2 protein chains.
Amino acid sequence: MSLLVVGTTALDSIKTPYAENPRLLGGSASHAAVAASFFTKTHLVGAVGDDFPRKYINLYRKHGLNLDGLQQLAGQTFHWSGEYEVNMNNRQTLDTVLGVIEDFSPTLPAAYTKLPYVLLANIAPNVQGQILDQMKRPKFIVADTMDLWLNIALPSVLKLLKRIDCIALNDSEASQLVGEDNAVAAIPRIHKLGPRYVIVKKGEHGSILSGPRGLFIAPAYPLKKLVDPTGAGDSFVGGLMGYLASQKGNVDKNLRYGIIHGSVTASFCCEDFGLKKTTKVKKADITKRVRELARMVAW
Amino acid sequence: MSLLVVGTTALDSIKTPYAENPRLLGGSASHAAVAASFFTKTHLVGAVGDDFPRKYINLYRKHGLNLDGLQQLAGQTFHWSGEYEVNMNNRQTLDTVLGVIEDFSPTLPAAYTKLPYVLLANIAPNVQGQILDQMKRPKFIVADTMDLWLNIALPSVLKLLKRIDCIALNDSEASQLVGEDNAVAAIPRIHKLGPRYVIVKKGEHGSILSGPRGLFIAPAYPLKKLVDPTGAGDSFVGGLMGYLASQKGNVDKNLRYGIIHGSVTASFCCEDFGLKKTTKVKKADITKRVRELARMVAW
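**Points about the overall build of chain A**
And step 1. Looking only at helices and strands, chain A has 10 helices and 13 strands in total.
And step 2. For chain A, the spread of C-alpha atoms along the principal axes amounts to about 50 × 45 × 40 Å.
And step 3. Scored against the burial criterion, the 299 residues of chain A give a buried share of 62%.
And step 4. Within chain A, counting contacts between residues at least 6 apart in sequence, those at least 24 apart form 65% of the total.

Structure, rendered in structure tokens:
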């Protein structure tokens, strides 16, 4: 089945101690949709400015994305620039230009409103809500968010939480959302805010899924070298939702394996800047790492 | 089969934001030997002063520890006092009194020298080496260490690494040992220093075992409340070695399951101060959590 992905479509300028990469293809929707495209037909909703390079549109097309929901507007593309510290665990935003994303209020193409799987990748929670307003009874809705929205738009986040099946957020964000230091203890309190499934992302330490079947502790694929973790969380939810949409039967049954596919897709994202590595990967590379990971956790 | 555990036997005074606990039973050997005692006959090698409370000796006995290798010397018992910050991830040493441990140079009871499993819990690497000097071809040797010894006794640590089957250390210590930020990349470099097996401990994020069968990514048992993590790493290696010693057949075959048993035993350690919780646990409680953990990682 098909998937809708909404989120930011951006240009990222990323500095690490080792390199500087200006105006890479970035944004939560770019990472998530490309990740999902390995598994299922993916429909991208976003907005870019008139400075958005044609080569990036071509890259989207190469991944078979349906772009009817991608608006090209007059003005600048959303631009994020940031710098990572040596250990890649801390990053600093150097500059943010919202550009066309500032007044982005998506109207979905009619065909999109019936898509069964919906990924609300990281973007303002009111935009995520606007998508849901237009959808006709989707089968499964996952939303991702970030600390920024918890800080400046908490009421909108709380409203959104009542309308989705699953929320994905970092461990520190999970703690922030319910004021509970311990992420494991935070999970039941997040369920009370609405979502039946909660995914706590822990970067290199994997993730925890909580749902009706209890907790699932998922590993990250171990990497010897981390080049740029930007977009890894987006690739994770993208791979997860792409996998779910590609599978028959009950979502609950497929979720754990979906998280493993998301985790592996995210591992490729970290191995080069922006989408450089992810866009070179083949489905078989993902399958191979999923098999390796299965061997690494069996006892 | 039987297990020898050498390490510190100490009194710990532990402060957290919530409570203060003076003169608890502590030390790497106390935690490791009690953890191992759930699975196998365990022989304790250590030194205590004449101030060591009789009730702690009784606690050792309650766990069936063989204490022929525990020396009672004139002077003070090793005393560590420390304070944890709110999130329990950072701790500060407030005071250390070495006491009788300063000149501790163990001579093993004859019966100990033939024990097949040897756990060199955290203590000065030259003391760990002295134990090995006296052992007659043990079947499997694991050593634990800490940043202190990497800082002040690195040559002794490097010498020890050539004599053991397995080294267990924290992720930051693994990085420090070989000067490699990424713990996954540090592992092959640690193998080159000697040990066939390397275990990188990551606290609440579980652990990674590396050996001839490749990597094993082991989960930690998820806890909603962490009261005092002191001794968790020692309980982990203790539970692991106790389990290994209790099993028939090839160590390599049993290692992964052993790590899961160590991980679960360590989870109990964190739920109260010092050894308070661990000494109340029954074997059945451990088995129950091992089963739960198995369900939490299956996909």
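**Things to note about the relation of the copies chain B and chain A**
And step 1. The transformation that overlays chain B on chain A combines an axial shift of 0.0 Å with a rotation of 180°, and the residual RMSD is 0.0 Å. In short, the pair behaves as if placed about a two-fold rotation axis. Measuring from the rotation axis to each C-alpha of chain B, the shortest distance belongs to His205(B), at 3.0 Å.
And step 2. Taken together, the interface assignments show that 100% of the residues at the interface of chain B recur at the interface of chain A, consistent with an identical surface on both copies.

**Description of the sheet that holds strand β9 (residues 140–144) of chain B**
Residue and element names in this part refer to chain B.
And step 1. As summarised here, the arrangement of the nine strands in space is β5-β4-β1-β8-β9-β10-β11-β12-β13, forming an open sheet in which the pairing is mixed. Here the strands that pair on one side only, and so sit at the sheet edges, are β5 (66–72) and β13 (214–218). Averaged over all neighbouring strand pairs, the angle between strand axes comes to 15°, with direction disregarded.
And step 2. The pairing of strand β12 (residues 207–211) with β13 spans five bridges and is classified as antiparallel. Looking across to β13, one finds that Ile208 is bridged to Ile217.
And step 3. This element, helix α1 (residues 28–37), spans β1 (3–6), β4 (42–48) and β8 (117–120) of the sheet and lies at about 165° to β4.

**Comments concerning the interface of chain B and chain A**
Interface size is commonly expressed as the accessible surface area that is lost when the partners come together.
And step 1. Counting residues at the interface gives 30 residues for chain B, matched by 30 residues for chain A.
And step 2. Ranking the residues of chain B by area buried against chain A places Ile217(B), Lys224(B) and Trp299(B) at the top, with a combined share of 31%.
And step 3. Where chain B meets chain A, there are zero salt bridges.
And step 4. In this structure, the connection of chain B to chain A is made through 12 residue pairs in polar contact (both at pLDDT 80 or more).
And step 5. Of all elements in the fold, only α7 (183–191), β13, α9 (251–269) and α10 (283–297) of chain B reach the threshold of two or more residues within the side of chain B that touches chain A.

**Overview of the packing of aromatic side chains**
And step 1. For the structure shown, the criterion picks out 14 aromatic pairs over all chains.
And step 2. Here Phe52(A) and Tyr60(A) contribute two aromatic rings whose centre-to-centre distance is 6.1 Å and whose plane-to-plane angle is 20°, an arrangement assigned as stacked.
And step 3. Taken together, the aromatic side chains of Phe39(A), Phe216(A), Tyr243(A), Tyr257(A) and Trp299(B) make up a single cluster linked through ring pairs.
And step 4. The residue whose ring lies beneath Arg289(A) is Phe268(A), and the NZ or CZ to ring-centre distance is 4.0 Å.

**As for the environment of His261(B)**
All names here are of chain B.
And step 1. Inspection of the secondary structure assignment puts His261 in helix α9.
And step 2. Each C-alpha atom, one on His261 and one on Ala36, is 9.9 Å from the other, the two residues being 225 residues apart in sequence.
And step 3. If near-sequence neighbours (up to four positions away) are discounted, His261 is found in contact with Phe39, Tyr243, Ile286 and Val290.

**Focus: the confidence of the model for chain A**
And step 1. Here chain A shows a mean pLDDT of 96. Residues at 70 or above account for 100%.
And step 2. Here the predicted complex carries an ipTM of 0.93, next to a pTM of 0.95.

**Comments concerning a positive patch on the surface**
And step 1. A cluster of basic side chains, namely Lys55(A), Lys62(A), Lys276(A), Lys280(A) and Lys282(A), defines a positive patch on the protein surface.
And step 2. Within the secondary structure, Lys280(A) sits in the loop between α9 (251–269) and α10 (283–297).

**Here we look at the nonpolar core**
And step 1. Core analysis: the largest hydrophobic core is formed by 101 residues, its most contacted members being Leu4(A), Leu120(A), Ile131(A), Ile164(A), Leu119(B) and Phe140(B).
And step 2. In terms of residue count, helix α8 (residues 232–246) of chain B provides more of this core than any other element does, eight residues in total.
And step 3. The residues touching Phe140(B), leaving out its near neighbours within four places in the chain, are Pro116(B), Tyr117(B), Val118(B), Asp165(B), Cys166(B), Tyr197(B), Met241(B), Leu244(B), Val251(B) and Leu255(B).
And step 4. One finds Leu44(A), Tyr197(A), Met241(A) and Val281(A) within the second-largest nonpolar core, a separate group that totals 59 residues.

**Description of unusual backbone geometry**
Residues and elements named next belong to chain A.
And step 1. Phi at Arg23 takes a positive value of approximately 50°, unusual for a residue other than glycine.
And step 2. You can see Arg23 is positioned in strand β3 (residues 20–26).
And step 3. Overall, the relative accessible area of 38% leaves Arg23 in the partly exposed class.

**Comments concerning the pattern of salt bridges**
Side-chain pairing between opposite charges can occur once the charged atoms of the two side chains come close.
All names here are of chain B.
And step 1. Scanning all chains against the criterion turns up 16 salt bridges over all chains.
And step 2. One salt bridge in this structure joins Asp252 and Arg213, with 2.4 Å as the shortest N-O distance. One end of the pair, Asp252, is in helix α9; the other, Arg213, is in the loop between β12 and β13, and 39 residues separate them in sequence.
And step 3. Its relative accessible area of 17% is what places Asp252 among the buried residues.

**Thoughts on helix α2 (residues 54–62) of chain A**
Residue and element names in this part refer to chain A.
And step 1. Taken together, the buried positions of α2 are Tyr56, Ile57 and Tyr60. Buried residues of α2 fall within an arc of 105° about the axis and therefore sit on the same side. Away from its buried face, by an angle of more than 90 degrees, α2 presents the exposed residues Arg54, Lys55, Arg61 and Lys62.
And step 2. Contacts made by the buried residues of α2 are with β2 (10–15), β3, α1 (28–37), β4 (42–48) and β5 (66–72).
And step 3. Among the residues trailing α2, Gly64 stands out with phi positive, at a value near 70°.

Here is what the cut-offs are and how they apply
Residues numbered from 1 in each chain as written. Chains lettered and ligands numbered in written order. Predicted model: local features only at pLDDT ≥ 70, side-chain atom pairs only at ≥ 80, totals over all residues. Heavy atoms only, no water. Helix = DSSP H or I, 4+ residues; strand = E, 2+ residues; numbered from the N terminus. Buried < 20%, exposed > 50% of the residue type's maximum accessible area, 1.4 Å probe, protein only. Contact = heavy atoms within 4.5 Å. Least-squares fit on C-alpha atoms with pLDDT ≥ 70 in both. Pairing = 2+ DSSP bridges. Axes fitted to C-alpha atoms, helices over the stretch in contact; angles between N-to-C directions. Buried area = accessible area lost by both parts, 1.4 Å probe. Salt bridge = Lys/Arg side-chain N within 4 Å of Asp/Glu carboxyl O. Polar contact = N/O pair within 3.5 Å; in protein donor to acceptor, adjacent residues only side chain to side chain. Phe/Tyr/Trp six-rings, centres within 6.5 Å; stacked < 30°, edge-to-face > 60°. Lys NZ or Arg CZ within 6 Å of the ring centre and 35° of its normal. pLDDT = per-residue confidence, 0-100. Patch = residues over 30% accessible without salt bridge, like charges linked within 9 Å, V, L, I, M, F, W, Y side chains within 5 Å. Areas by Shrake-Rupley, 256 points an atom, 1.4 Å probe, with all protein chains shown as cover. Lys, Arg positive; Asp, Glu negative; His and termini not counted. Charge placed at Lys NZ, Arg CZ, Asp CG, Glu CD. Core = buried A, V, L, I, M, F, W, Y, C linked by side-chain atoms within 4.5 Å. Arc of directions from axis to C-beta.

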